[in-house]
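Listed below are the residues making up each chain.
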Amino acid sequence: MIKSVFAIVKDGRRVEDINYLDKESASSRLSEILFSRKNFSKKFGYAHELRSYKIVELEKPNKIW
């Protein structure tokens, strides 16, 4: 039985509605998100704040708190 899942959040809100079963898969997806955000900000000149993204462990998959 799964006791907890992992989610990617930015400023306390989910980035996507996907729950990850292990932290490694969440980390690889987060690195993809950060890479695409960096490329977008380089191409269009927008400022980017990448430190606000993080991985949280959830016991209730539908809630962050």
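How each quantity is defined
- Residues numbered from 1 in each chain as written.
- Predicted model: local features only at pLDDT ≥ 70, side-chain atom pairs only at ≥ 80, totals over all residues.
- Heavy atoms only, no water.
- pLDDT = per-residue confidence, 0-100.
- Helix = DSSP H or I, 4+ residues; strand = E, 2+ residues; numbered from the N terminus.
- Salt bridge = Lys/Arg side-chain N within 4 Å of Asp/Glu carboxyl O.
- Buried < 20%, exposed > 50% of the residue type's maximum accessible area, 1.4 Å probe, protein only.

Novice: Now, about the confidence of the model for the chain: what can you tell me, with residues and values included?
Specialist: Looking at the chain as a whole, its pLDDT mean stands at 87, while 94% of the residues score no less than 70. When mean pLDDT is compared element by element in the chain, strand β1 (residues 5-10) scores highest at 94, while strand β2 (residues 13-14) scores lowest at 90.

Novice: Can you break down the pattern of salt bridges residue by residue, with the values?
Specialist: Here the structure, examined in full by the defined rule, presents 2 salt bridges. Between Glu16 and Arg29 there is a salt bridge, with its nearest N and O atoms 3.3 Å apart. Pair noted here: Glu16 is in the loop between β2 and α1 (23-44) and Arg29 is in helix α1, with a separation of 13 residues, a long-range link. A residue is classified by how much of its surface remains accessible, and Glu16, at 14% relative accessible area, is buried. A salt bridge links Arg29 to Glu32, with the nearest nitrogen and oxygen atoms 3.2 Å apart. Highlighted residues: Arg29 and Glu32, both in helix α1, separated by 3 residues, approximately one helical turn. One network of salt bridges, with partners in common, ties together Glu16, Arg29 and Glu32.

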